[in-house]
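Observations on the model geometry
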Amino acid sequence: MFNRLKKDKSNHKGITRRSFFQKIWVWLGVVAGLEFTGLLIAFMFSGSKRSSRKDMSQVKIIGRLEDISPNTVYPYRSGQIYLVRMKDGGFLALSLKCTHLGCSIQWNEDEDKFICPCHSSEFDRKGDVLSPPAPHALDIFAVIIEEGVVKVDLGKKTKRKKFKQTDLIYG
Ligand code: FES
C-alpha cells in the first residue's frame, strides 16, 4: 500500500516536472523567435543608416570659399588630395596618387607642376601628364560648394584620360 502510494506520488511529480519543462521550452522558443525577429528588423534598418553615415564621413570640409585664393594649390594630405583653385576661381580636387604606380606626387611651386618622386612623371595643375611614364591624368574627387564652404567627397573618385573644362567646379 505504502509502495503504491509512493509510486503514484513519484509519477504525479514526474508528469508535473515534465509539463513544467515543456512550458519553459515553449516560452524560451517564443522569446528566442521574437529576439531573432527584432534583430533581423534592426539589422535591415541599421544597414541603410550605416551606409548614409559612411557616405557623410567621406565628405571633408576644406575651408571657406573666400579663404581659398585663386591660382593656388592646397595640399590636403589626410584626404590624399591636392585642392587646386584656378585663376578663374574653378576648383579641382586632384588625387595625389601618381597614375603610373601610385606613388604620392609632390607639388613644386617654383616649377608650377606636380612631380612624382618614384619615376619622375610630371603633371600640370589641371592634373594632365607633362612627362611620362604616367599613362593618364590624375584622378579627381567631387568638389561640393555649399553655403560658401568648400568640401570634397572622398567617396566619389573619377578616373580620366585628360582634363576637361567640365571637371572644374565653381562657387
Ligand atoms: S609611380 Fe609615379 S612615375 Fe612611377
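Residues numbered from 1 in each chain as written. Predicted model: local features only at pLDDT ≥ 70, side-chain atom pairs only at ≥ 80, totals over all residues. Heavy atoms only, no water.

Quick notes on the side chain of Arg125
With respect to the helices and strands, Arg125 occurs in the loop between β7 (122-123) and β8 (129-131). For Arg125, the side chain forms a polar contact with the side chain of Asn71, separated by 3.0 Å. For Arg125, the side chain forms a polar contact with the side chain of Asp112, separated by 2.7 Å. (Helix = DSSP H or I, 4+ residues; strand = E, 2+ residues; numbered from the N terminus. Polar contact = N/O pair within 3.5 Å; in protein donor to acceptor, adjacent residues only side chain to side chain.)

Here we look at the sheet that holds strand β6 (residues 113-115)
Reading across the sheet, the 4 strands line up as β5-β6-β7-β8 and stay open at both edges, with antiparallel pairing between neighbours. Edge positions in the open sheet fall to β5 (106-108) and β8, since each of these has one partner strand only. When β7 meets β8, the two strands line up antiparallel, connected through 2 bridges. Across the sheet, the residue bridging to Phe123 is Val129, located in β8. (Pairing = 2+ DSSP bridges.)

Structural notes on the pattern of salt bridges
All told, the structure shown has 9 salt bridges when counted by the stated rule. Between Lys113 and Glu122 there is a salt bridge, with the nearest N and O atoms lying 3.0 Å from each other. Each of the two residues, Lys113 as well as Glu122, counts as buried. When the shortest N-O distance is used, the salt bridge between Arg160 and Asp167 registers 2.8 Å. Like Asp167, Arg160 is buried. (Salt bridge = Lys/Arg side-chain N within 4 Å of Asp/Glu carboxyl O. Buried < 20%, exposed > 50% of the residue type's maximum accessible area, 1.4 Å probe, protein only.)

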